[in-house]
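Architecture and fold: a report
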Amino acid sequence: METENHTHFSEFILLGLSQEAELQPILFVLFLSMYLITLTGNLLIILATITDSHLHTPMYFFLSNLSFCDICFTSTTIPKMLLNIHVQNQTITYDGCLAQMYFFILFAELDIFLLSVMAYDRFVAICYPLHYTVIMNPRLCGFGLLTFWILSVLDSLLRALLVLRLSFCTNVEIPHFFCEISQIIQLACSDTLLNVIEMYLATGLMGIIPFSGILYSYFQIVSSILRITSARGKYKAFSTCGSHLSVVFLFYGTGLGVYLSSAATQNSKASAIASVMYTVVTPMLNPFIYSLRNKDIKKALKHLFSIAPSNE
């Protein structure tokens, strides 16, 4: 099979979710709406946590960073998809594809790390309330966030460099709406063993270990809550972590479902459609989950909207 060296390789073709012409305007309006809702919702969460001094706590510090991460996460894929639909051009440059893959992996892994540390925050708050301010001090939170950024940057950079060494076949059609790493590796004509090994190792280290930490944290949380005698106390304890637990199930449930379905079937189109859940829908729903189930966020948002009228 004829191959092209990556130094002469210019572009990939993103097949998107559908190639039917009559569906393109519908997809454009749908994804533009979801993208704008994602931007607005997550920006409001960030502004609320910044402007309200009552939310200057570790929990909301990580929540605002999660909202920032979700904005960046969706911005790596949706704008390019909308542009391709608008100009009726499905191509993406080789460099652009690598950049998109790099930032997608970076913010996806950062999302995972933030969800795990937020679970740990709830674990400390419920199981060790008297030591909470000592354990979750600003210095530790800042150091943890910096560590998450470094790990995410290094792993995404390693993956991008490993893809950079590959040569590709003349068939460069990606059956997806963005440059998903497993799809890119499948198009390569050179040896991809190193890429596959790294991908499985990274999935274990960056995915399974944080998820195990989340499960352990909530196991301890449930054990502590069950020891509370009053029903009101149990409800209050559960309500403090209900929003986070919903987001964890939404993110991991949809993400795991996509990869399990892609492993069970060779239908790349179905996998691309399913991936919309964790790449677009989950970041869009996160602000609603936290604002609807969290009284502090509701108060902060009301205060945020009342600032402008009061200043006039």
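Each value, and the rule that gives it
- Residues numbered from 1 in each chain as written.
- Predicted model: local features only at pLDDT ≥ 70, side-chain atom pairs only at ≥ 80, totals over all residues.
- Heavy atoms only, no water.
- Disulfide = S-S within 2.5 Å.
- Helix = DSSP H or I, 4+ residues; strand = E, 2+ residues; numbered from the N terminus.
- Buried < 20%, exposed > 50% of the residue type's maximum accessible area, 1.4 Å probe, protein only.
- Pairing = 2+ DSSP bridges.
- Contact = heavy atoms within 4.5 Å.
- Axes fitted to C-alpha atoms, helices over the stretch in contact; angles between N-to-C directions.
- 1 Å grid on protein atoms, 1.4 Å probe; cavity = no way out; pocket = protein on both sides within 12 Å on 5 of 7 lines; lining within 4 Å.
- Points joined across faces, edges and corners; volume = space filled by probe spheres on them.
- Expected span 1.5 Å × (residues − 1).
- Parallel < 35°, antiparallel > 145°, perpendicular 65-115°, else oblique.
- Left-handed = near helix turned anticlockwise from the far one by under 90°.
- Nonpolar A, V, L, I, M, F, W, Y, C, P; charged D, E, K, R; others polar.
- UniProt positions renumbered as here; feature names shortened; annotations may be inferred.
- Patch = residues over 30% accessible without salt bridge, like charges linked within 9 Å, V, L, I, M, F, W, Y side chains within 5 Å.
- Areas by Shrake-Rupley, 256 points an atom, 1.4 Å probe, with all protein chains shown as cover.
- Salt bridge = Lys/Arg side-chain N within 4 Å of Asp/Glu carboxyl O.

A short note on the state of the cysteines
Taken as a whole and assessed by the stated rule, the structure comprises one disulfide. Each sulfur of the disulfide joining Cys97 and Cys179 lies 2.0 Å from the other. Between Cys97 and Cys179, the disulfide has an S-S torsion of -125° and is therefore left-handed. Separated by 82 residues along the polypeptide, Cys97 in helix H4 (residues 94-127) and Cys179 in the loop between strand E5 (173-174) and helix H7 (181-187) bring together distant segments of the chain. Take Cys97 and Cys179: they sit in the same class, and that class is buried.

Overview of the sheet that holds strand E2 (residues 11-14)
Spatially, E3-E2-E5 is the arrangement adopted by the three strands of the open sheet, whose pairing is mixed. What marks the edges here is a single partner per strand, and that holds for strand E3 (91-93) and E5. Relative to E5, E2 runs parallel, the two being bridged by two bridges. Paired with Ile13 across the two strands is Glu173, which belongs to E5. Docked against the sheet, H4 engages E2, E3 and E5, running at close to 85° with respect to E3.

What to know about the environment of Leu32
Inspection of the secondary structure assignment puts Leu32 in helix H1 (residues 24-51). Since its relative accessible area comes to 30%, Leu32 is described here as partly exposed.

Focus on the layout of surface pockets
Of the pockets and cavities examined, the second largest pocket occupies roughly 680 Å³. Together, 20 residues line the second largest pocket, and Lys236, Ser239, Thr240, Lys295 and Asp296 are the ones closest to its centre. Looking at the lining of the second largest pocket, the elements with two or more residues in it are helix H2 (58-75), H4, helix H9 (231-264) and helix H11 (295-311). Sorting elements by how many residues they give to the lining of the second largest pocket places H9 first, with seven residues.

Brief notes about H1
Structural remark: α-helix, 3.6 residues per turn; residues separated by three or four positions point the same way. The end-to-end C-alpha distance of H1, which contains 28 residues, comes to 40 Å, matching closely the 40 Å that a straight helix rising 1.5 Å per residue would cover. Looking at H1, one finds that the buried residues are Gln24, Leu27, Phe31, Met34, Tyr35, Thr38, Gly41, Asn42, Ile45, Ile46, Ala48 and Thr49.

Digging into the packing of H2 against H4
Running from amino to carboxyl end, H2 crosses H4 at an angle of 160°, the nearest separation of the two axes being 9 Å. Between H2 and H4, the crossing angle belongs to the class labelled roughly antiparallel. Along this stretch, H2 crosses H4, giving a crossing that reads as left-handed. Of the residues in H4, those touching H2 at Pro58, Met59, Phe62, Leu63, Asn65, Leu66, Cys69, Asp70, Cys72 and Phe73 are Phe104, Phe107, Ala108, Leu110, Asp111, Leu114, Leu115, Val117, Met118, Asp121 and Arg122. In terms of residue class, the contact of H2 with H4 is built from 16 nonpolar, one polar and four charged.

Details of the UniProt feature "transmembrane region" (unreviewed entry) in the protein chain
UniProt records the feature "transmembrane region" (unreviewed entry) for residues 26-48, 60-79, 99-120, 140-162, 200-219, 240-260 and 272-292 in the present numbering. Taken as a whole, residues 99-120 contains 100% helix and 0% strand, while its terminal C-alpha atoms sit 32 Å from one another. Structurally, residues 140-162 is divided into 100% helix and 0% strand, and its ends, taken at the C-alpha atoms, are 33 Å apart.

Considerations on a nonpolar patch on the surface
A cluster of nonpolar side chains, Ile37, Leu285, Phe288 and Leu292, forms an exposed patch at the surface whose accessible area comes to about 340 Å². With three residues, the top contributor of residues to the nonpolar patch is helix H10 (residues 268-292). Positionally, Ile37 belongs in helix H1. Relative accessible area serves as the criterion here: at 36%, Ile37 is assigned to the partly exposed category.

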